[in-house]
Amino acid sequence: MTDRSAPAVPSEDGEAAPKGSARPGEAFTARQTQQDTHEQQDTHEQSETPAERVNRRWNELLQETRVAQTGVQILFGFLLSVAFTPGFQDLGTIDRTIYVVTVVLGAAATGSLIAPVSIHRFLSGQRMKEELVETAHRLMMFGMVLLALTIGSTLLLILRVVLPGILAEILVAGVMLYFGVCWYALPLWLRQRSSRRGTAA
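Residues numbered from 1 in each chain as written. Predicted model: local features only at pLDDT ≥ 70, side-chain atom pairs only at ≥ 80, totals over all residues. Heavy atoms only, no water.

**Q** Before we move on, could you go through the overall build of the protein chain and cite the residues and values that matter?
**A** Summing up its helical and strand segments, the protein chain has 5 helices and 2 strands in all. Helices and strands appear in the protein chain in the N-to-C order β-β-α-α-α-α-α. Going through the 201 residues of the protein chain one by one, you find that 23% of them count as buried. Partitioning the contacts of the protein chain with sequence separation of at least 6, the portion at a separation of at least 24 is 65%. Carbon and sulfur atoms form 62% of the exposed surface of the protein chain, whose accessible area is close to 14200 Å². (Helix = DSSP H or I, 4+ residues; strand = E, 2+ residues; numbered from the N terminus. Buried < 20%, exposed > 50% of the residue type's maximum accessible area, 1.4 Å probe, protein only. Contact = heavy atoms within 4.5 Å. Areas by Shrake-Rupley, 256 points an atom, 1.4 Å probe, with all protein chains shown as cover.)

Structure representation (structure tokens):
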């Protein structure tokens, strides 16, 4: 409902418009500002030297790795503590196998996500930053796959204890599908859409 007490604001064509109403010119200005910002970012990235680009990618990679490392370390610590709980002795053979696989996946994910730090220490000062960034990128992508599998296995282990029948497997499959969409399908779709826009421009 329009506030009749709001003062009228003259529009570009001289007619009064209610205060707070959106005008076409304002929407166009917002879109133009956003487009200019993207163009400035593209121009800045294009004007980067190879050394600046490598340093930027490395800093971005470090920030992303910190987030992933925190998650996998908390999850891995939880998994290690499970074996020392009284209820662990009641697990059947299948559940124990799932637990072992989950712990191994968690350890492998931890190793992949922490590996860039170790590699950086060994290669520091060797003028191999570009090789370091490419290797760390691949390790992190592989570590994210292992992390997703670790989360899925952990969820399966817990839900098999809580839920009867095949319902646990169905829920885990749904969660893993959701991970696949959020972590991989969505970024690939965004990259493809950006490529189409660049080709059309």
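**Q** Account for the packing of helix 2 (residues 50–82) against helix 4 (residues 129–162), with residues named and values stated.
**A** Helix 4 packs onto helix 2 with a crossing angle of 25° between their chain directions and a minimal axis gap of 10 Å. With respect to helix 4, the axis of helix 2 lies roughly parallel. Both helix 2 and helix 4 take part in a crossing whose hand is left-handed. Its residues assigned to classes, the contact of helix 2 with helix 4 comprises 16 nonpolar, 5 polar and 5 charged. (Axes fitted to C-alpha atoms, helices over the stretch in contact; angles between N-to-C directions. Parallel < 35°, antiparallel > 145°, perpendicular 65-115°, else oblique. Left-handed = near helix turned anticlockwise from the far one by under 90°. Nonpolar A, V, L, I, M, F, W, Y, C, P; charged D, E, K, R; others polar.)

**Q** Before we move on, can you summarise the pattern of salt bridges with the specific residues and values?
**A** This structure, assessed with the given rule, holds 4 salt bridges. A salt bridge links Arg-56 to Glu-60; the nearest nitrogen and oxygen atoms lie 3.3 Å apart. Here Glu-60 and Arg-56 lie together in helix 2, a separation of 4 residues that amounts to about one turn. A relative accessible area of 26% places Arg-56 in the partly exposed class. Using a relative accessible area of 37% as the deciding quantity, one classes Glu-60 as partly exposed. A cluster of three or more residues bridged by salt bridges with shared partners is formed by Asp-95, Arg-160 and Glu-169. (Salt bridge = Lys/Arg side-chain N within 4 Å of Asp/Glu carboxyl O.)

**Q** Any chance you could break down the nonpolar core for me, citing the residues and the numbers?
**A** Among the nonpolar cores identified, the biggest contains 29 residues, and Trp-58, Tyr-99, Met-140 and Leu-147 are the most heavily contacted of them. Contributions of two or more residues to this core are made by helix 2, helix 3 (93–123), helix 4 and helix 5 (167–200). The element contributing the most residues to this core is helix 4, with 10 residues. (Core = buried A, V, L, I, M, F, W, Y, C linked by side-chain atoms within 4.5 Å.)

**Q** So what's going on with the packing of aromatic side chains? Which residues, and what values?
**A** Tallied over the entire structure, the rule returns 2 aromatic pairs. Look at Phe-88 and Tyr-99: their rings are 5.0 Å apart centre to centre, the planes differ by 65°, and that puts the pair in the edge-to-face class. Of the two residues, Phe-88 sits in the loop between helix 2 and helix 3 while Tyr-99 sits in helix 3, which places them 11 residues apart along the sequence. Comparing Phe-88 with Tyr-99 shows no difference in burial state: the two are buried. For the pair Phe-179 and Trp-183, a centre-to-centre distance of 4.9 Å together with 15° between the ring planes defines the contact as stacked. Residue Phe-179 and its partner Trp-183 are both found in helix 5; the two are separated by 4 residues, about one turn of the helix. (Phe/Tyr/Trp six-rings, centres within 6.5 Å; stacked < 30°, edge-to-face > 60°.)

**Q** Give a detailed account of the side chain of Ser-112, specifying residues and quantitative values.
**A** Here Ser-112 lies in helix 3. You can call Ser-112 buried: its relative accessible area is 9%. The residues contacting Ser-112, other than those within four sequence positions of it, are Leu-139, Phe-142, Gly-143 and Leu-146.

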